[in-house]
Each structure stands twice: as structure tokens, then as C-alpha cells.
Amino acid sequence: MDNLVLTTCPFCGCGCGLYLESANGMIVGSYPSGNHPVSKGALCVKGWNAYEFINKLDRLKVPLVKSNGGFKEVGWEEALATVSKRLLEIKEKYGADALGFLSSAKATNEENFLMMKLARAVFNTNNVDHCARLCHASTVAGLAATFGSGAMTNSINEFEDADLFLVTGSDTTEQHPLIGSRIINAVNDRGAGLIVIDPRKIELAKYATFYLAQNNGTDVAWINGMVNVIIKEGLHDREYIEKRTENFEQLKKVVEQYTPEYVEKIAGIGRNLLIQAARLYAKSKKAMIVYSMGITQHTTGVDNVKSLANLAMLTGHVGFASTGVNPLRGQNNVQGACDVGALPNVFSGYQKVADEAARVKFEKIWKVKNLPPKPGLTVTEIFNKALEGKLKGLYIMGENPVISDPDSTHVRKALKKLEFLAVNEIFLSDTAQYADVILPAASFAEKDGTFTNTERRVERIRQAIEPVGQARTDWEILCEIATRCGYKEMEYDHPSKIMDEIAELTPIYGGISYDRLDPFGLQWPCPSKDHPGTVYLHKDKFAKGKATFMPCVYKAADELPDDEYTFVLSTGRVYWHWHTGTMTRRTSTLDREVPAGYVEINPKDAEKLNIQKGDRVKISSRRGQIETQVLVTEKVKEGSVFVPFHFREAAANVLTNPAVDPVAKIPEYKVCAVKIEKI
Amino acid sequence: MKVWLLKKDNVKALCASASGRWETYVPIESFAGDVQFMRLNNEKKELFLDKLKLDYESLVVPPKVIAFPQLESLFKFQDEKIIETVKPSVKRLLFGLRACDVKAILFMDDFFKRNFEDIYYLNRSTDKLLVIVGCKHPQENCFCTSTKTGPFLETGFDLQLVDTPNRYVVEVGSKKGEEFVSSYRKFFDEASKDDVECSRIAKHDAEEAVSLRLDFEKAIKRLCENEPPRQMYEKIAERCIYCGGCLYVCPTCSCFNVFDDVKASSGARYRNWDACVFRGYTREASGHNPRFEKWILTSRRYEHKLKYDYLTTGMSGCVGCGRCLSSCPVNIGISQVIEEVSKE
């Protein structure tokens, strides 16, 4: 091997340590780090194949501007001047809030910090958000409200000591393979218990002590049901509740009606199964709740998260090793992008824009006046406003909402309506097609920076090769734009300097600097230079002091099947692909394994519709239709279908419902009504 | 067999000196404590050699990567023209290999010329000098004494270093090895009878330290004679998460896929490591897959290593390095298969 650089995997939130090998400016290999605390000599198939997409010939290598319906190559000077000029013009003409900025959970902490600094300090708007809105916005809101911190409470290696896992709405082996593997090992090799609650019979279900298949979108009901059983049987931790929580009486009152019989009617979970699962969770000493999009991507996403928090508090399962409420963050840096404030309501470290003291602090360091106090627009609202004609200019860094956001026809219309769209990208994505200016960005292999994984580990990515062609790093591009807009406080010679600024402004990152991040990073909160980082949260005391029970009442999903649209559609990912497929569909091994989209359908439904494996069907919802092939499987329940959202030619999000959670504004990707017709 | 001494203090100087004439590869410890077989860069020689780590416990990536990279270009094309990218053969010194890995290299060398000569591999592998530094602290997952591939070899190496206190006892295994010592004679000293005795004890101790003992021959015999143990394969297949890691890190896995990267009328053809546990590995153009069931995917790996390789070459494809287990997220290793098959 010639040159090896230790960096962090660009796919999921596990944050595995991998070495990239380079030769003659090309990446030729990707290997696990044996000592890295997450990877420990292993990687999933995506990590092992992370070398390929970086080299592809169709990487964007030159800035492009729209010209006669196509694109023409231009120099950086012209591209950057156009972006800055157009954004300034729109601000001048329509006001700052006619601009929107979409940051990226695939980009580094430093780049996300600069994107929000660009929006706030340079353009004076809080309209900055990113795809966390579409995955864990409910977590950030729900856990911040109950516990005082919206992050995964515990750590990945603590899975190795847990007695029990309650996994719900997380297809862990497919989506977080190096966490899923720890669950498989714990259950098989040392007899740990496992409760899986998921409408789809996921891989982990076969190892489960109890597998509960709830109806889609009934999570508050079954969680309240478990809380009801635990209180009724006196299995709750009275001392813990007394000492460390508040509002228990309210919880008791709300869950009273959620008897196992009542829950069975709503959620379709057998009463005895619910009781047994509730007992097992309550009686296990070290019990970890593990969840992901199946909980968050609902119009009741925040309620679902709060309910899980209630369940954990009730049994004293928070604040100790190998316990807690553990949202598994999807993107490699979705935790970090939230941490550094690429959200419309907070600066870095979740400091509210509405808080004057926070604004004053940022104004002082950024040398600006009058940072806006009103929270800005979320991703979902940005597209609504664009369609209404109120948002005129959008700057997107490394996101592909045309494929990833709900109701993509709506997104496409919104993008068309914009007066100006600029996109930083590594490939010509479906979203970039709509851009007026495309700025070619460096990939993760071509830059320095940090990602924060799901367990709050701030870890380095390190440059292995020079950016391809004329591509530049996102942080350099953002600085260039800020400078061209006349702002003088966004010049850095290295991302480490940006991290120093983050640390200065962000208490939870206060002790983080590059010299402390070798080799495997630090877990926040890390408030001071001598702080060793935090393995698990809420030890002895919750982040907000006493944790608060926040009981919720079950509400049905926004759109349920009816006579016309008879199936419930749920969307998600498969193990071999990543999100909108821009990287994994360019990776030969991964794309060969699953080369096309499909719909999972239960054998009984297939029989009724007279369709077989491999048949092509039309799936339609009130918003659009796609064609795809059929996969007949017991994995999905009767009446439900599942479509992965990676495939642009059969894009699941043409169908999905853009209805959002009222607080977190997260769309309901997990439930909408569709009909299926054989072609 | 001629025996020499190499003072530990002389090792870096020897490597530095040899790297002038040989493209030299040595085990280097990264700042994160991971050891990798790296090319000694002539410009940064001293800096590199400061990180030399000969008593490493494990090498996640096997040295096969030197001759068989994870990704390599086979040729480029532009319009109608094909541009060869195959590299000319260079003399290579691989210093600090483990015995099991040398066995694997010899196995791969044979494979890549068995049916046809794979020029891409052979140009990187033909002209080389293999220097073993025998294992002193075998890791818990390896079982080379059972596969008879270590911790020291009788033949197959050019030089074999036995780690004794303060110095290495150097065994010469070939004429090339002897010539190498002559060329760098100043770094080597004559060995005494005592030194040879020291090395005998060190070898014995290393052998004793390999704790995992398996009845390898019995397992192979049974696999060759009996029906595949389907239930066992089913159990493994159920647990497997299909990362491909066991095959990627296997020092004798040689499967590759071929793909083109094309833009307009130019591009390149590449090959990259493949793994037979993937369904796409055998799926046919029609969509039909002769090996679709998981247990069949699983069985192929073990049947190939332990049975097919043995029947065709007389040597099993497993060299007992234990990497498959070390790199498996769900703790599956070939050692468990060997144990299961050979048990009463």
C-alpha cells in the first residue's frame, strides 16, 4: 500500500473508522481500522466499498451555469460572483427571508457551521435547515423537551453490555450494520433479551424474545399500553421517578385508558404479547431503547419520541451505562449538522435564536448587528414558501430533495418557481438539474473536517487526495461567497480554525479542538479543554435538571387507506444503498446487488391482486404514481407495502404524504395510502 | 541451511538500504495503532521507518493487497483506442511477513498463473523477496499450528527471522535469500550454536502460544467425503450480515469483479475485490440466480477454501490467519466451521 489516511466512513451514523488508500491521486481502497472503537476491524459492505464513487468520471469538476436549458462550463470567478450577486439582489429586492439555505448532513461540522453563519451573519435570515428535518427532527424536539438534550443518550460499545434491547422503528442490521451486529452478538452469544416492535418483520425479528407487529402509525398507543401495564403491575421505579423526574401523576392519568385490550384494537398487538414485553422491559436492569425513522417520521413523531422517553424514565432506564433512549442517527453527520446549528431555530449547541443573550454572544464574535430573533423556515416550509412565490432564492449544499423529500412533484414545482437556485454537489443530482449555478464540491476523501456520529463522537475526516478537477471544498466555497458579499469574518486557512470558533461559541463543543481529536475523537458534551468527553448522558442529573414526563394521546396517521387507496405505504432504505443513490448506485458491487427499485407486498395481497414476484405494478397515491417490480414477502403485513426510496426511476417520494408533525415539521414518510395495479 | 544474526538495531538501516534497490514493503504502525503493510517511500524513509512495527499482533488487511489491490485499472480507452495501464514488473522486498501470509502469497502466486497468466497480478508478484518475521504473540483468533502454516515455515521463504532477545536469528531459505544477505553483509553477523539454540526455543515458545487448536485434516477429510453440512451453513447464513469482510480480508481470496467507468467515448476498465457471499456474484442476465439461497452462498465460501482448493491443489485455501473472525461484525470465523465439522 502506498498512502493510507485514517478517516471516517461517509455513509451512516455509526461513524466507523476507515483507511482510504490512494495512488496517483486516485482512491484505490477502503479498509477498516482495527483499533477504532466502532469499527474494531470490521465494516459493513458500504464502508468496504466506499472507495469507488469518489473516482467516477461523472464527478462534477467544473462550475456550471444554466444556459439555454442546459449547462455551460464557467470559471470559478464567474460562478461565485453570480451566486453572491444573485443572492444579494434577492435579499435587496424581497428581504432576507426570501432566501433559504439548505445545509447538509453529509458535509462536515465546519461546513454546516459556515452555512448557518452565511445565512445568519451574512444574509440576516434564520431560513437555514437540512435533512435532519426529515429524519430526527422529532428526536431533537422530543428528547430536548423531556430530558433536556436531543441526542442519543448512550454509546455504541455499551450495546455490548446491555441485558435487553427494545428496538422499534429501526431496521438496525440494514441501516446501522455495526450496531445491528452488536445486538445480534448480544442476543446469540450471551442471551441478552430483545423486543422488536415494527410493522415490518425485519431481520432482527428472528432473534427477538418478543416480536410485536403494530399497525403503522400507532406507536403512541402501544407505548402508552406498556406504560399502563408497568404502572398497573407496580413495576415502575418509584424512587427514580421521585428523585429524578416530574409530572408522573399526569402520565398516570393519561395512560389509564390504554389498557392492553384498548391498545390491541388500535395497534393490532395481542394483549398478552404487550403485557409480556412490558414486563420484560421493566424488569431488565440494563435495558436500551433503540429507535429510528419508524418512530420519528410521523405526524406524531414528537409524541412518539416523548412516549418512549416516558417509558424509559418510568423504569429508571436513563442515566446509566447500557440503558437509555437511543435514536440512531441516519446520516454520517446528521448529529453534527444539528449540533452546529444548521437548524432554523437554534445556533450551534442548540442555543435558541430567540434568546437575546445567545444572539448577543454570536453578534460579538461574528462582528455583526441585529441577528434575527425569529426562528426561520424548515426544509418542508421552504418548499411550500417557494411554491407560494414568497421564497425566491435557495442555496443547497449537498442535498437532493427532489428524491429525498416527500411529494417530489411538489418539490420539483417549487424548485422551478425559484428565481435563483445554487447547488454545491459532487454529482449532477436530480436537484442540481434545477440549479442556475452548480458549484463542484470536494468529496469526503478530498478534505479535512469532522463528522459527529450517532453516539456524539466528534471525529476527524482527513484529506486523502486533492479535490478532483477544479472541485473545491464546501467550506472554501462558503467562505468565498461570504467574502464576495462583503463580509470579512469568514476567512480561514484550515477547518481546524473553524472548529476553534465552534468551540468558542458552543458550550457542548467547548473543549474540542483538532489537537485533541486524534485518533478517534471525543464525545460531547465536552465543555472544557481538560474534559474527557461524555460516554453517556444524564448521569446523576438530567441535562434539564429533573426530567419531565410528557404523556401524549394517540392520534391516527394523517392519511389512512380507504376504498380507493387501499394499502398503507411505508418507505425506507435497503442495506446496499444510501439515500438517493448518488454514491451507492455508482458503486459496482452495491448497485449490482440491488440494481432497481421494488415494492414489498404480502403473499396474500399478491394473490388477491393476481401478481407474482417480478411483475411490474403501478403504485399511485393522491400525489403521483410510479411503476416498479414486485417482491412478494412475508416481511410486510397484509394491507401494507414497502418501497425503498433510493431509486430515481421509481421514486417512492413521488407518493409520500407531505403532512408534517406540528412541532418538528417532519413529514409522515411511514404512512400514506396507495393503490396497486398490475401493469 | 545457513543461519545468520541480525541485530535489532540494524533492521531499520537494512530496510533503508535495501529500499534503494528494491521496492520495499514493511509493516508500519499508524498513529491510531493499526499496522499496515506499506511501501517504503524513498523520500520519507526515516520518518516511515520510525513507525516500523515488526512484532505486530494483527494486520487487518492481508499483504495480498500489494499484488492484488482492492481497485485497479486494467486499461483505459479513448474512442477506438485502448491504452494499456499494466505496470512493468519491479523487484519487491516484502519484509516482516508472517508465516501464514507467506503461505497465502505462494498460494495466490500459483492461482494467478494456474489457468492463464494474470499479468496484472504477476507483474506485481513475480520478482520478489519474502522475508518472514515469525509470530511471537499469536492473536487469539489464529490457528496456524493446525493448518501447518506457522508460526514458522520450513520452506517457501527467502529469509526467516526468529525473534530472540536483542536480535533476530536469520534463516536462509533460498538462493535469492543468500544473495540478499551477501549484498547487505555488513548488517548481518555470524550466528553461533547458542544463537541457533535460542531460536529453537523461541520457535517452540511461539508454537506453544498458539492457543486455538483444531483438527484441520479431519475437517477437510470429512468435507471431501460427506454431503455439505447444510444445517451448519444455514446457521451461519442466518447470522451473516453480508459485509463481505471475511472474503476481503482473506489472504487467499482472489475473486474480482470487472466494471467500466465511461464518460462519452472514453473511460477505463477496472477490477475490484468481489465476494462470493453476494447474490449479485452469480445472478445471471435473465435474473435467474443459481445460488440464491443464503446457505448456498455461505457454503460456497467454506467448501471452496477447505474442499475445492484442497482437491485441486493439495493445499487448503485456509492458512489459519484468523482474519475472517477478527473482521466479522457478528463473530463468524472459518475456525468455527472447522471445529464443527471435525467434532465427533
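As the structure is a computational prediction, the values presented were derived from the model and not from experiment. (Residues numbered from 1 in each chain as written. Chains lettered and ligands numbered in written order. Predicted model: local features only at pLDDT ≥ 70, side-chain atom pairs only at ≥ 80, totals over all residues.)

**Focus: the overall build of chain B**
In terms of helices and strands, chain B carries 14 helices and 12 strands. Here the C-alpha atoms of chain B give a radius of gyration of 21 Å, agreeing with the 20 Å that 2.2 N^0.38 yields for 344 residues. Counting only C-alpha atoms and orienting by the principal axes, one finds that chain B spans roughly 65 × 60 × 40 Å. Burial analysis of chain B (344 residues in total) assigns 48% to the buried set. For chain B, long-range pairs separated by at least 24 residues make up 73% of all intrachain contacts whose partners lie at least 6 apart in sequence. (Helix = DSSP H or I, 4+ residues; strand = E, 2+ residues; numbered from the N terminus. Rg over C-alpha atoms; globule rule 2.2 N^0.38 Å. Buried ≥ 20, exposed ≤ 12 C-beta atoms within 10 Å, placed from the backbone. Contact = placed C-beta atoms within 7 Å.)

**Things to note about the domain arrangement of chain A**
Residues and elements named next belong to chain A. Domain assignment breaks chain A into domain 1 (64-134 + 333-444 + 483-523), domain 2 (137-328) and domain 3 (567-678). Taking only C-alpha atoms, the centre of domain 1 and the centre of domain 3 are 30 Å apart. Taken together, the contact pairs 17 residues of domain 1 with 17 residues of domain 3. For the side of domain 1 that touches domain 3, the elements supplying multiple residues, two or more each, are helix H16 (379-388), helix H17 (401-404) and helix H18 (408-417). (Domains from an automatic or database assignment.)

**Quick notes on the domain arrangement of chain B**
Residue and element names in this part refer to chain B. Each domain of chain B was delimited in the assignment, giving domain 1 (3-209) and domain 2 (216-342). On the domain 2 side, the residues contacting the 34 residues of domain 1 number 29 residues. Looking at the side of domain 1 that touches domain 2, the elements that each hand over two or more residues are strand S4 (71-78), helix H4 (99-114) and helix H6 (144-147). If one sorts the elements of the side of domain 1 that touches domain 2 by residue count, H4 sits on top with 9 residues.

**Digging into the sheet that holds strand S2 (residues 17-23) of chain A**
Residues and elements named next belong to chain A. Read across the sheet, 3 strands follow the order S1-S2-S3 without closing on themselves; strand pairing throughout is antiparallel. Each edge of the open sheet carries a strand with a single partner, namely strand S1 (3-8) and strand S3 (26-32). Across the sheet, the mean angle from the axis of one strand to that of its neighbour is 30°, orientation sign disregarded. Two strands pair when backbone bridges link them, and S1 and S2 are joined in this way by 6 bridges, in the antiparallel orientation. When the sheet's bridge partners are listed, Leu4 is paired in S2 with Glu21. (Pairing = 2+ DSSP bridges. Axes fitted to C-alpha atoms, helices over the stretch in contact; angles between N-to-C directions.)

**What about the sheet that holds strand S28 (residues 672-678) of chain A?**
Residues and elements named next belong to chain A. One closed barrel holds the 6 strands; their spatial order is S21-S25-S22-S24-S23-S28, and the pairing between them is mixed. Sheet twist, expressed as the mean angle between neighbouring strand axes with direction ignored, is 45°. The pairing of strand S21 (residues 567-572) with S28 spans 3 bridges and is classified as antiparallel. Bridging across to S28, Val568 finds its partner in Ala673.

**A word on the interface of chain A and chain B**
The partner chain B presents 41 residues to the 38 residues of chain A that form the contact. Contributing elements (two or more residues each) for the side of chain A that touches chain B: S1, S3, helix H1 (45-48), helix H6 (177-190) and helix H21 (588-593) of chain A. Counting residues per element, the side of chain A that touches chain B draws most heavily on H6 of chain A, which supplies 8 residues. Looking at the side of chain A that touches chain B residue by residue, the classes come out as 18 nonpolar, 12 polar and 8 charged. (Nonpolar A, V, L, I, M, F, W, Y, C, P; charged D, E, K, R; others polar.)

**Considerations on unusual backbone geometry**
Cis rather than trans, the peptide bond between Asp518 of chain A and Pro519 of chain A has omega equal to -5°. By the secondary structure assignment, Pro519 of chain A is in the loop between helix H20 (495-505) and strand S19 (522-523). In this chain, Trp524 of chain A is followed by Pro525 of chain A through a cis amide linkage whose omega measures 0°. In this structure, Asp79 of chain B is a non-glycine residue whose phi angle is positive, near 50°. With respect to the helices, strands and loops of the structure, Asp79 of chain B is situated in the loop between S4 and strand S5 (81-84).

**Here we look at the packing of helix H7 (residues 219-232) of chain A against helix H9 (residues 248-255) of chain A**
Residues and elements named next belong to chain A. The N-to-C vectors of H7 and H9 enclose an angle of 110°; their axes lie 9 Å apart at closest approach. On the basis of the axis angle, H7 is roughly perpendicular to H9. Residue-level contacts link Asn224, Val227, Asn228 and Ile231 of H7 to Leu251, Lys252 and Val255 of H9. (Parallel < 35°, antiparallel > 145°, perpendicular 65-115°, else oblique.)

**Quick word on the environment of Gly13 of chain A**
Residues and elements named next belong to chain A. Note that Gly13 resides in the loop between S1 and S2. Taking the C-beta count within 10 Å as the criterion, Gly13 has 30 such neighbours and is therefore assigned buried. Between the alpha carbons of Gly13 and Val553 there is a distance of 31 Å; along the sequence they are 540 residues apart. Setting aside residues up to four positions removed in sequence, Gly13 forms contacts with His176, Leu328, Arg329, Gly330, Gln331, Asn332, Val334, Gln335, Asn453 and Thr454.

**Some words on the environment of Val3 of chain B**
Residue and element names in this part refer to chain B. Its place among the elements puts Val3 in strand S1 (residues 3-7). We classify Val3 as partly exposed; it has 17 C-beta atoms within 10 Å. In sequence terms Val3 and Lys81 are 78 residues apart; their C-alpha atoms lie 54 Å from each other. With residues near it in sequence (within four places) discarded, Val3 still touches Val169, Val170, Glu171, Ala191 and Val196.

**As for helix H8 (residues 193-209) of chain B**
Its 17 residues place the ends of H8 of chain B 24 Å apart at the C-alpha level, agreeing with the 24 Å of an ideal helix rising 1.5 Å per residue. The inward-facing, buried residues of H8 of chain B contact S1, strand S8 (159-164) and strand S9 (167-172) of chain B. (Expected span 1.5 Å × (residues − 1).)

**What about H18 of chain A?**
Residue and element names in this part refer to chain A. Within H18, burial applies to Ser408, His410, Val411, Ala414 and Leu415. The buried side chains of H18 occupy one side of the element, clustering within an arc of 150° when seen end-on. Buried-residue contacts for H18 involve H16, H17, strand S15 (420-425) and strand S26 (657-660). (Arc of directions from axis to C-beta.)

**With respect to the pairing of strand S25 (residues 640-644) of chain A**
Residues and elements named next belong to chain A. Summarising burial for S25: 5 of the 5 residues are buried, a large majority. In the sheet, strand S22 (residues 598-601) pairs with S25 via 2 bridges, with the strands oriented antiparallel. Across the sheet, Ile601 pairs through a bridge with Val641, a residue of S25.

**Describing the pairing of S22 of chain A**
Pairing geometry for S22 of chain A and strand S24 (residues 625-632) of chain A, over 4 bridges, is parallel. Directly across from Val599 of chain A, in S24 of chain A, lies its bridge partner Val630 of chain A.

**What about the packing of helix H4 (residues 137-146) of chain A against helix H13 (residues 301-314) of chain A?**
Residues and elements named next belong to chain A. As a packed pair, H4 and H13 sit with axes 8 Å apart at the nearest point and diverge in direction by 40°. Comparing their axes, H13 and H4 come out oblique. Once H4 is placed against H13, the crossing between them reads as right-handed. Across the interface between the two elements, Ser138, Thr139, Ala141, Gly142, Leu143, Ala145 and Thr146 from H4 touch Gly301, Val302, Asn304, Val305, Lys306 and Ala309 from H13. Its residues assigned to classes, the contact of H4 with H13 comprises 6 nonpolar, 6 polar and 1 charged. (Left-handed = near helix turned anticlockwise from the far one by under 90°.)

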